[in-house]
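Observations on the model geometry
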Amino acid sequence: MIVDVIEEVLARTRLGESVALCTVVAAGGSAPRDPGASMVVAGDGSVVGSISGGCVESAVYELALEVLSSGESRLVSYGAGDESVFSVGLLCGGSIDVFVERVGPSNVDEFELAGKVVDRGQTAILATLVSPAEPAPPDSRPGGRLVIADRSVKGSLGDGALDDAVVRAADSVTTSGTLTCPDGDVVFVRVLAPKPRMIVIGATDFVAAVAHAAAFVGYRVTVCDARGVFATKDRFPMADEVVVDWPDRYLRQQAGAGLIDARTAICVLTHDNRFDIAVLEVALALPDIGFVGAMGSRRTHDERVARLRERGIDDSQLARLSSPVGLDLGGRTPEETAIAVIAEIIRTRAGGTGVPLRDRTGDIHHRAAPR
């Protein structure tokens with residue numbers, strides 16, 4: 001995860017160390033990782049993160065050691081048609097641009113501020129100058145950074161006009177990627193956001209499996225159930241928090257506090273109408289929610305829909321309900337069911353088709369449109 005890599009940068013620099021931060025700033029075709037994928041190389045040779053799933057790590061690792069020694073940032077490209085493709089192993093037909101910079105105690109302030117913003121549950125935008133225009137202003141150099149968060153700006157790219165342009169552009173930035181400015185400056189904009197939330201309702205083996213899978217793919221997981229004897233941290237150690245409360249009341253409280261947003265996924269796995277109907281009524285009425293799913297048979301689903309209609313949930317709200325939840329993988333165990341549930345959530349979030357890749361044509365990766 002990108003946030004985990006930044007946490008490694010902060011942990012190392014707080015110990016007085018410098019690290020080489022390697023970041024994919026542009027990707028095309030069938031490149032294995034999206035912009036923002038990062039790898040940290042420390043002075044002791046250890047590595048955290050990944051930029052290509054293995055294709056070019058060795059080459060970038062060697063470059064990172066050079067940058068760590070010299071302090072001079074580097075922007076390198078790997079892609080189809082490049083002779084380096086065969087030497088480093090990037091044979092997927094895609095292309096990536098990687099920016100490698102040294103980060104240490106003397107130039108980590110922007111990362112520190114961004115980390116504090118994310119810890120507060122907010123989003124920060126960290127902009128890095130990866131290629132200055134020519135001729136470059138005296139203070140403009142690769143690796144110059146500014147952070148935009150909570151209506152404030154800290155740092156500089158070395159050019160006041162460029163800073164202003166990036167701050168204006170940040171209002172429309174939702175995913176990490178490069179901005180090519182009119183004068184020719186290339187700026188990488190990294191979007192740092194808190195982990196998305198997964199709220200799992202229930203306290204069963206299926207809940208434990210879904211919570212484990214959700215945490216594995218990067219969600220901050222809450223398990224909620226009204227029965228304290230079942231909803232314990234010992235039973236759900238993989239969850240970030242276990243809440244003993246009536247699920248509908250908890251969901252109302254979280255929504256009222258602004259802690260549920262368009263990235264939040266809610267999975268109702270109690271298979272008990274004492275809980276299901278009330279919590280789904282709250283979830284489906286939320287104006288901005290990423291995913292709402294519920295476990296149950298088709299008969300249970302039909303009965304559930306009828307009762308929700310009686311409570312005033314209309315067709316447009318019911319259309320947001322994924323029930324029975326999960327892709328049809330044929331699994332039956334809690335663990336197999338969890339994979340099916342998480343697969344559907346990923347498909348919904350990323351816009352995938354859910355069909356086998358061998359039955360599709362074109363790129364296998366879904367990417368945001370370039371800006």
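Residues numbered from 1 in each chain as written. Predicted model: local features only at pLDDT ≥ 70, side-chain atom pairs only at ≥ 80, totals over all residues. Heavy atoms only, no water.

Named according to an unreviewed UniProt entry, the protein chain is Xanthine dehydrogenase originating from Mycolicibacterium aubagnense.

**Here we look at the packing of helix H7 (residues 247-256) against helix H8 (residues 273-285)**
Inclusion rule: Lines fitted to C-alpha atoms define the axes, with helix axes restricted to the stretch in contact, and inter-axis angles between N-to-C directions lie between 0 and 180 degrees. Helix and strand assignments come from DSSP, with helices taken as H or I runs of at least 4 residues and strands as E runs of at least 2, each series counted from the N terminus. Roughly parallel here means an angle under 35 degrees, roughly antiparallel means over 145, roughly perpendicular means 65 to 115, and every remaining angle is called oblique. Two helices cross in a left-handed way if the nearer one is turned anticlockwise from the farther one by less than a right angle. They cross in a right-handed way if the turn is clockwise. The criterion used for residue contact is that any of the two residues' heavy atoms lie within 4.5 Å. Note on residue classes: Ala, Val, Leu, Ile, Met, Phe, Trp, Tyr, Cys and Pro are nonpolar, Asp, Glu, Lys and Arg are charged, and everything else, Gly too, is polar.
As a packed pair, H7 and H8 sit with axes 8 Å apart at the nearest point and diverge in direction by 15°. By the angle between their directions, the pair H7 and H8 is classed as roughly parallel. Taken as a pair, H7 and H8 cross one another with a handedness that is right-handed. Contact with H7, carried on its side by Pro247, Asp248, Leu251 and Arg252, involves Phe275, Ala278, Val279, Val282 and Ala283 of H8 and no other residues of that element. Looking at the contact of H7 with H8 residue by residue, the classes come out as 7 nonpolar, no polar and 2 charged.

**Examining the sheet that holds strand E15 (residues 291-294)**
Operational definition: Being paired, for any two strands, means DSSP has found at least two bridges between them.
Taking strand neighbours across the sheet as the criterion, the 6 strands line up as E13-E12-E11-E14-E15-E16 in an open arrangement whose pairing is parallel. Pairing within the sheet leaves two strands with one partner each, and these edge strands are strand E13 (241-244) and strand E16 (321-322). In this structure, E15 lies alongside E16, joined through 2 bridges in parallel fashion. Following the sheet pairing, Gly293 is matched in E16 by Ser322.

**Some details on the nonpolar core**
The following threshold applies: In this description, a nonpolar core means a group of buried Ala, Val, Leu, Ile, Met, Phe, Trp, Tyr and Cys residues linked to one another through side-chain atoms lying within 4.5 Å. The classification of residues rests on relative accessible area computed with a 1.4 Å probe and restricted to protein chains. Under 20% of the type maximum is buried, over 50% is exposed, and intermediate values are partly exposed.
Core analysis: the largest hydrophobic core is formed by 26 residues, its most contacted members being Met198, Val221, Leu269 and Ile345. For this core, the secondary-structure elements that each account for two or more residues are strand E11 (197-201), helix H6 (205-216), strand E12 (220-225), strand E14 (265-268) and helix H11 (334-350). Per element, the largest residue contribution to this core is 7 residues, and it comes from H6. Apart from the residues lying within four places of it in its own chain, the contact partners of Ile345 are Met198, Tyr219, Ala265, Cys267 and Phe291. Within the second largest apolar cluster, 24 residues are counted, among which are Ile199, Ala294, Leu308 and Ile313.

**Observations concerning the sheet that holds strand E1 (residues 19-28)**
Spatial ordering of the open sheet is given by E3-E2-E1-E5-E4, a layout of 5 strands whose pairing is antiparallel. Of all strands in the sheet, those with a lone pairing partner are strand E3 (47-49) and strand E4 (74-79), marking the two edges. Neighbour-to-neighbour, the strand axes of the sheet open up by a mean angle of 20°, direction not taken into account. Alignment of E1 against strand E5 (residues 95-103), held across 9 bridges, turns out to be antiparallel. The partner of Cys22 across the bridge, within E5, is Val100. Against the sheet, helix H2 (residues 57-70) contacts E1, strand E2 (38-42), E3, E4 and E5, and its axis sits at roughly 30° relative to E5.

**What about the pattern of salt bridges?**
As a reminder, the rule being used: Here, a salt bridge means any side-chain nitrogen of Lys or Arg that lies within 4 Å of a carboxyl oxygen of Asp or Glu.
Per the stated rule, a full pass over the model turns up 15 salt bridges. In this structure, Arg197 engages Glu241 in a salt bridge whose closest nitrogen and oxygen atoms are separated by 3.4 Å. Remark: Glu241 occurs in strand E13 and Arg197 occurs in strand E11; sequence separation between them is 44 residues. Of the charged contacts in the structure, one is a salt bridge between Asp248 and Arg252, with a shortest N-O distance of 3.2 Å. You can see Asp248 and its partner Arg252 sitting in helix H7, 4 residues apart, about one turn around the helix. Residue Asp248 is classed as buried on the basis of its relative accessible area of 18%. A relative accessible area of 45% places Arg252 in the partly exposed class. Shared partners join several salt bridges into a network, and the residues in it are Glu8, Arg12, Glu17 and Asp44.

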